[in-house]
Amino acid sequence: MTRVRVLTLNAALGPLDYSVPEGMPVVPGSIVRIPLGPRQITGVVWDEGRLEAETVEAKRLRPIIALYDAPPLKPSMRRLMEWVADYYLSPISAVLRMALSSTSGYSGEKTVTEYRASGGMPERMTPKREQALDLIGDEQGTIRELSEIGEVSDAVVRGLVKAGALEPVEVSLDAPFPDPDPGFAPPALEAGQGAAAERLVGAVKVQKFTPMLLDGVTGSGKTEVYFEAVAEALRMGKQVLIMLPEIALTEPFLNRFTARFGCEPVTWHSGMRQSERRRAWRAIAKGEAAVTVGARSSLFLPYARLGLIIVDEAHENTYKQEEGVMYHARDVAVMRGNFENFPVVLASATPALETKQMVEIGRYDEVTLPARYGAAEMPTLETVDMLRDPPPRGHWLSPPLVQAIEETLDRKEQALLFLNRRGFAPLTLCRTCGHRFECPNCTAWMVEHRLLHRLACHHCGHVMPPPDHCPECEADDSLVACGPGVERIADEAASLFPEAKIAVVTSDTIWSPAKAGEFVARMEAGDIDIVVGTQLVTKGYHFPNLTLVGVVDADLGLKGGDLRAAERTFQQITQVSGRAGRGDKPGRVLIQTHQPSAPVIEALVSGDAESFYAAETDARRIAGAPPFGRYAGIVISSEDEGQAIEAARNIGTAAPEIDGMLVLGPAPAPLAMLRGRHRQRILVHARRALDVQGVIREWLEKIEWPRTVRVTVDIDPYSFL
Ligand SMILES: [Zn+2]
Ligand SMILES: [Zn+2]
C-alpha cells in the first residue's frame, strides 16, 4: 500500500494522508477525490516530504476515492504555489484554490443545459417575469446564472422555461478553441519597433528565464511589438498568457488580437459563466488553449506548456490582490517565468519605480520604444492654475478648459474629462445641521450616485435611497452634495454644451467586456462628443479623433499621501494624456491644479520623466522605502472594538527587536472600520535584506487571539488604509 500526502482546498484542514488503491495511477500533482468523514472533497497529491501534516497510523488511512480526468499539476507549478504561500504568508490551500478555480474543469460533466430567450412571450406576464426577460435580454446561461442576471428567484426563471419564453440550449463544454495563426496578418513595423520585436522574439526562442521591461511612450505600438513575441511562441508550440489590468480593456484588446491572429484568444475573468470557465480551464490544462488573455487570476491556471507571459500595463495597481492571498500578479508572473524557465515581458509607458530599479541593477532587460507610431506626435501638456483661473462658484471646469472643449467640439473632435471619482458627489451633508452621511459599516462617506438614484459606500457596497429629509434634524430638502464626482462633471458639461453627446465611463457603467465594447463602438462611430471618466478610461483605448484631455483635479491623487502618491499621479496623468492625439491630429492636455509648481506637475508638463523618476528614486532611497527597503502591513480586525485593540496591543508588545527593523503602531487604521469590523494596523519597515516573512511568521506564531479576531499580513503592501 502506498501512502500519499494530499493538499486539500480547505486551509483549516491542511494536508492529509491517504492510501492509494491498487492500480490507481496517482503521481504527485494528481487531482483526486478523497473522503473526509461522510463527505467527499477535492485535493492534489503533493511531493513527499514538502508539506507537514499529522502522521496517521497506516491502518487508519482511508483510500483515495477517484482520480479526476485532468492532467496532474506540474512540479514547477507546485513549486510556484509553495513559493507564493511562503512569500505572502498565506495558506497553500488558498493558493491551490486559485489554480483549481473551475470545479467542473476537472470533474465529469461534458455538456450543460443553458437557456436563452426564445422570442416568445409567456401567456401570463407578471412584473417579475417582465423584469427577468428585460434584464436577461440576449444573455445565455444556466437557471442559476439567469436568475442572477434577471434579479429574480430560480423559480421565476423555471416558470419562464415552462411557459416557453426561455428555450434550452445544449452546450458542449469541450468544444475546441480555434488556433490563432501567427502568420495571419503580420504588421509592417517601423524601424524602432522592428528592433524591439526582434529582441523579444530572440528571448522567446531561447526559452530561458528573462524578465524584460518593454518601455515605450503611450501610442508607441507596444502591443504590435509584443504580438511578434506571441507569434514566435505560437510557432514553437508554446502557450502564451497575456494579462490585462482591467476587464473593461478586454474587448478592444480582443479586436486587435483577432486582426493580427485571425481569431479570438481564450479569455479568463471573473465575469465568465460556469460553462465558459470549465471549457477554458480544460483547454488551458491540456495545452489546447494557445493564447489566454486574462485578469490577474489567470496567472495561477495550470498551463500545460506555457512559454511566455506578457503583463500589459504592468505598472497598474490592480495587479495587487487586496484580499485572500495578497499577491502582486506582476511579481508572481516573473516568479512563474523563473520556475518554468521562459521570458516574462512587462509592458508599460510608465513603469513602476520598482521595475525601473530592477533594470538599473541589471536584473531585468530593457527594451525601449522611443517614439509614437506613425505620424502621431506626443500631445502638448499645459497646466491651468486654479487659483488664477478659477471656475465660477459651484462649478469645476475652469474657463480655459471650457474654451478648449468648445474649440474641440467646433472642430468635430472628441474630448475626454478625467476625474478619478465615481458617482455625483463624494460627500452629502445637511445644510441645516451639518449631518454627514456616513456608511454604517465603514469609516467612509456615502457617495451619491444620481444616475442610480442612491447613496453608496465604495468600500463595502452598502446602498440606500437618498433620504428626502435629514435623519438628524428632520429638515426637508436640506441635503447638499459636496465636491464633484464624474456624474457631476458630466452634468456641468451638459449644461455648458447642451448639444454635445456625453458619456460617463466608470466601473458603474462599464462592468463587462460587452459594455466596454459598446462604448468603443459609440466612440468610433462619433456617437460621443465628450467622455467623462475615471481611471477606467486612462489606458488601452485608441481613439484617433480624441484630441483634448482635461484633467479635472490633478491634486486629488496626491492627497492620499502614501509612498506611491506622486508616482501614481504621474502614471495616471501620463496615461490619460496618452489618449489625446493618437491619430494624425495633434493632441492637447489641460491639467487643472492648485499646485502648478509641484515637482510631479512640473515633470508632467516638461515631459521630463527621467528626472522625475530620478528624484522619486532618491527620495525612496533616503527613506529606505521600496525598492530599497521593505514594508509589511499587519491588520488586526474584529467586530468588537475592544477585542481588536487588545489583540493588536498583544501583537505590538511581542514585536521582536531586530536591527534594521522598525515596528510602527498598533494604531487605528485610516479606514478604522470596514464592513463592520474595527481595524488596528501595525506597519513593519525593514531593510531590504531582512527576511521579513520569517520574522513575522515566528513573531505571530507565539501569540494567540480569539477566533473572532482576524489577523492579516500584507507583504509589500500597496494600500496603507
Ligand atoms: Zn440635518
Ligand atoms: Zn461601507
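This structure is a prediction, so every number in the text was calculated from the model and none was measured. (Residues numbered from 1 in each chain as written. Chains lettered and ligands numbered in written order. Predicted model: local features only at pLDDT ≥ 70, side-chain atom pairs only at ≥ 80, totals over all residues. Heavy atoms only, no water.)

Visitor: Run through the pairing of strand β23 (residues 530–533), naming residues and quoting values.
Guide: Here β23 shows no split at all, with Ile530 and Val532 on one side and Val531 and Gly533 on the other all buried. Bridge count for strand β16 (residues 414–418) against β23 is 4 bridges, and the pairing is parallel. Across the sheet, the residue bridging to Leu416 is Val531, located in β23. Pairing of strand β22 (residues 502–505) with β23 involves 4 bridges; the strand directions are parallel. Within β23, the residue paired with Val505 across the bridge is Gly533. Since β22 and β23 lie parallel, the crossover through helix α15 (residues 513–524) that links them has a hand, and here it is right-handed. (Buried < 20%, exposed > 50% of the residue type's maximum accessible area, 1.4 Å probe, protein only. Helix = DSSP H or I, 4+ residues; strand = E, 2+ residues; numbered from the N terminus. Pairing = 2+ DSSP bridges. Right-handed = clockwise from strand over helix to strand, strands pointing away.)

Visitor: So what's going on with the coordination of the zinc ion (ligand 1)? Residues and values would help.
Guide: Those donors, Cys430 (SG), Cys433 (SG), Cys470 (SG) and Cys473 (SG), are the protein atoms that reach the zinc ion (ligand 1), and they lie 2.2 to 2.4 Å from it. Here the zinc ion (ligand 1) binds 4 donor atoms, and the angle range of 107 to 111° at the metal identifies the geometry as tetrahedral. Each donor residue of the zinc ion (ligand 1) lies on one chain, and together they are spaced C-x2-C-x36-C-x2-C. Here Cys430 is found in strand β17 (residues 427–430), whereas its partner Cys470 is found in the loop between β20 (463–464) and β21 (479–482), with 40 residues between them in sequence. The class of Cys470 is buried, set by a relative accessible area of 0%. (Donors = N, O, S within 2.8 Å, 3.2 Å for Na, K, Ca; no water. Tetrahedral: all angles 85-135°; square planar, octahedral: opposite > 155°, others 65-115°.)

Visitor: So what about the pairing of strand β1 (residues 2–8)? Which residues, and what values?
Guide: Two strands pair when backbone bridges link them, and β1 and strand β2 (residues 15–20) are joined in this way by 6 bridges, in the antiparallel orientation. Bridge pairing in β2 places Leu7 opposite Pro15. Linkage of β1 to β2, two consecutive antiparallel strands, is achieved through a turn of 6 residues, within which Gly14 is found at a positive phi near 70°. Pairing between β1 and strand β4 (residues 39–46): 4 bridges, direction antiparallel. Bridge pairing in β4 places Arg5 opposite Trp46.

Visitor: Run through the pattern of salt bridges, naming residues and quoting values.
Guide: On inspection of all chains with the given rule, the structure shows 34 salt bridges. Put simply, Lys320 and Glu322 hold a salt bridge, and the shortest N to O gap is 4.0 Å. Here the residues in one salt-bridge network are Asp47, Arg50, Arg78, Arg79 and Glu82, joined through shared partners. (Salt bridge = Lys/Arg side-chain N within 4 Å of Asp/Glu carboxyl O.)

Visitor: Before we move on, can you summarise the coordination of the zinc ion (ligand 2) with the specific residues and values?
Guide: Protein ligation of the zinc ion (ligand 2) involves Cys439 (SG), Cys442 (SG), Cys457 (SG) and Cys460 (SG), the donor distances falling in the range 2.2 to 2.4 Å. Bound by 4 donor atoms, the zinc ion (ligand 2) shows angles of 103 to 114° at the metal and therefore tetrahedral coordination geometry. Mapped onto the polypeptide sequence, the residues donating to the zinc ion (ligand 2) form the spacing pattern C-x2-C-x14-C-x2-C. Here the residue Cys442 occupies a position in the loop between β17 and β18 (447–449), and Cys460 occupies one in the loop between β19 (454–456) and β20, the gap between them amounting to 18 residues.

Visitor: Explain helix α5 (residues 143–150) residue by residue, including any values.
Guide: Those residues of α5 that sit buried are Ile143, Glu145, Leu146, Ser147 and Gly150. At the C-terminal side of α5, Glu151 shows a positive phi close to 55°.

Visitor: Kindly report on the sheet that holds β23, identifying the contributing residues and their values.
Guide: Strand order in the open sheet formed by 6 strands is β15-β25-β24-β16-β23-β22, with parallel pairing between adjacent strands. Two strands close off the open sheet at either side, each with one partner strand: β15 (380–385) and β22. Adjacent strand axes in the sheet meet at a mean angle of 20°, parallel and antiparallel pairs treated alike. With 4 bridges joining them, strand β24 (residues 546–551) and strand β25 (residues 588–593) adopt parallel strand pairing. Counted as the bridge partner of Gly550 is Leu590 from β25. On top of the sheet, helix α13 (residues 399–410) reaches β15, β16, β23, β24 and β25; it is set at about 160° to β25, its chief contact. (Axes fitted to C-alpha atoms, helices over the stretch in contact; angles between N-to-C directions. Contact = heavy atoms within 4.5 Å.)

Visitor: Mind laying out the environment of Thr223, listing which residues take part and the relevant values?
Guide: Inspection of the secondary structure assignment puts Thr223 in helix α8 (residues 222–235). Between the C-alpha atom of Thr223 and that of Ala347, which follows or precedes it by 124 residues, the distance is 8.4 Å. Filtering out sequence-adjacent residues up to four positions away, Thr223 remains in contact with Phe253, Arg256 and Asp312.

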